Amino acid sequence: NAGVTQTPKFQVLKTGQSMTLQCAQDMNHNSMYWYRQDPGMGLRLIYYSASEGTTDKGEVPNGYNVSRLNKREFSLRLESAAPSQTSVYFCASRRPLGSSGNTIYFGEGSWLTVV
Amino acid sequence: QQQVKQSPQSLIVQKGGISIINCAYENTAFDYFPWYQQFPGKGPALLIAIRPDVSEKKEGRFTISFNKSAKQFSLHIMDSQPGDSATYFCAAYHSNTGKLIFGQGTTLQVKP
């Protein structure tokens, strides 16, 4: 996966704790995304940012907040973690449509367990 | 409400066979339909994509068939190989909003 870096890769949280997942891309893309992946549910969009300074809710935004810190970085925050937020989280960035080849680049994923 | 519905959830195919995965969408504003391939422990990677003004797109052993009136599209993997064993996701993109919505995924196993 070229250019999208997520940290941490693994994290265990206790119910009620807070944490931030970090994401950075070095491809000068405008749009960035956060997804969660659960068995049988596919990838569900949590939040996305079409450009620096803008964020929008996706399919499952409850319990999460995001910050588009600058063009490179898009963070996902869990204010009060719940066991239902145990999942694999993927950050992605997108270059404009019309270009040939890959348009969405995904990070390697962050495995989060809430106990 | 699932905006993009994918079936089957899992698929087992013999080596050399044809793998077929189907997707249906609801929102006619979607204007780009990619398929992603994901191996365990990795993020999804773009496999092939199609726009709604085209009924079919082929890249090597992978073909997308698109039926705009039925709001359905499918992925065909010809001459399936064990190395194709992975999870496949269809998706639909809405250029006005920038949203990319995924189907539930299909786990493909190709038996040697």
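**Things to note about unusual backbone geometry**
Consideration 1: A cis amide bond links T7 of chain A with the next residue in sequence, P8 of chain A, at an omega value of -5°.
Consideration 2: Looking at the secondary structure, you find P8 of chain A in the loop between β1 (4-7) and β2 (10-13).
Consideration 3: A cis amide bond links S7 of chain B with the next residue in sequence, P8 of chain B, at an omega value of -5°.
Consideration 4: In this structure, N28 of chain A is a non-glycine residue whose phi angle is positive, near 60°.

**Structural notes on the state of the cysteines**
Consideration 1: Within the structure shown, the criterion is met by two disulfides over all chains.
Consideration 2: At a sulfur-sulfur separation of 1.9 Å, the disulfide partner of C23 of chain A is C91 of chain A. Here the disulfide of C23 of chain A and C91 of chain A is left-handed, its torsion about the S-S bond being about -75°. Linking C23 of chain A in strand β3 (residues 19-25) with C91 of chain A in strand β9 (residues 87-94), this pair joins segments that are 68 residues apart in sequence. Comparing C23 of chain A with C91 of chain A shows no difference in burial state: the two are buried.
Consideration 3: Put simply, C23 of chain B and C90 of chain B are joined by a disulfide, and their sulfur atoms are 1.8 Å apart.

**With respect to the side chain of S31 of chain A**
All names here are of chain A.
Consideration 1: Position of S31 among the secondary structure elements: in strand β4 (residues 31-38).
Consideration 2: Exposure remark for S31: the relative accessible area of 5% places this residue in the buried category.
Consideration 3: A distance of 3.2 Å separates a polar atom in the side chain of S31 from the backbone oxygen of A50.
Consideration 4: Once residues within four sequence positions are removed from consideration, S31 is found in contact with S49, A50, R68, A92, S93 and R94.

Scoring rules and cut-offs
- Residues numbered from 1 in each chain as written.
- Chains lettered and ligands numbered in written order.
- Predicted model: local features only at pLDDT ≥ 70, side-chain atom pairs only at ≥ 80, totals over all residues.
- Heavy atoms only, no water.
- Helix = DSSP H or I, 4+ residues; strand = E, 2+ residues; numbered from the N terminus.
- Disulfide = S-S within 2.5 Å.
- Buried < 20%, exposed > 50% of the residue type's maximum accessible area, 1.4 Å probe, protein only.
- Polar contact = N/O pair within 3.5 Å; in protein donor to acceptor, adjacent residues only side chain to side chain.
- Contact = heavy atoms within 4.5 Å.

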